[in-house]
Amino acid sequence: GNISAISAELGGLSEQELGQQQELLQLLGLPIRIPDEISNESIIQATLKDKKVRGGTARYALPKHLGEMHDFGGKYTTPVDNAIVIAALNATRMQH
């Protein structure tokens, strides 16, 4: 879902892989869209409560390809600029 959209924004997952993942989630009856009543700001604030936060900055574990995660030099998470996160969230909202 959203994490994969962030990875796609950063050039990780290809559009084809992102589409394949979305199809699988739909087949499993899982949501692929963020409900309108959940704001981007509330999602950003929630990420700041995650166990991967370091120094007040949210960090994300991102897929490199389907079934393969980025290792980021053995750290397995990376900070992502909020503008990129918001772009990915907005892209997720526009899906049907």
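Preceding block: the structure.
First, a word on what this report is: a plain description of the structure on this page. Within every chain, residues take consecutive numbers counted from 1 along the sequence as written. A pLDDT threshold of at least 70 governs which residues receive local features in this predicted model, and a stricter bar of 80 or more applies before side-chain atom pairs are shown or counted, although totals over entire chains, interfaces and linings include all residues. Derived side-chain values reflect all non-hydrogen atoms in the structure, with water molecules and hydrogen atoms excluded from consideration.

Time to look at the overall build of the protein chain. Assigned secondary structure in the protein chain consists of four helices and four strands. Going from the N terminus to the C terminus, the protein chain shows its helices and strands as α-α-α-β-β-β-β-α. The C-alpha atoms of the protein chain give 13 Å as radius of gyration, which agrees with the globular expectation for 96 residues (12 Å, within 12%). Principal-axis analysis of the C-alpha atoms places the extent of the protein chain at approximately 35 × 30 × 20 Å. Looking at the protein chain as a whole, 34% of its 96 residues qualify as buried. Every helix listed is a DSSP run of H or I at least four residues long, and every strand listed is a run of E at least two residues long, numbered separately from the N terminus. Between the two quantities, the radius of gyration covers C-alpha atoms and the globule rule is 2.2 Å times the number of residues to the power 0.38. Each residue is placed in one exposure class: buried if its accessible area under a 1.4 Å probe, protein chains only, is under 20% of its type's maximum, exposed if it is over 50%, and partly exposed if it falls in between.

Quick look at the pattern of salt bridges now. In the sections that follow, a salt bridge refers to a side-chain nitrogen of Lys or Arg positioned within 4 Å of a carboxyl oxygen of Asp or Glu. Counted under the stated rule, the structure contains two salt bridges. Across the salt bridge formed by Asp36 and Arg33, the nearest N and O atoms sit 3.2 Å from each other. Lys52 is the partner of Asp50 in a salt bridge, and the nearest nitrogen-oxygen pair spans 2.9 Å.

Now for the environment of Leu18. With respect to the element layout, Leu18 can be found in helix α2 (residues 15-27). Given a relative accessible area of 9%, Leu18 falls into the buried group. Distance from Leu18 to Arg33, taken between C-alpha atoms, is 13 Å for residues 15 residues apart in sequence. In what follows, residue pairs with any heavy atoms lying within 4.5 Å of each other are defined as contacts. Aside from chain neighbours lying at most four places away, what touches Leu18 is Ser4, Ala5 and Ala8.

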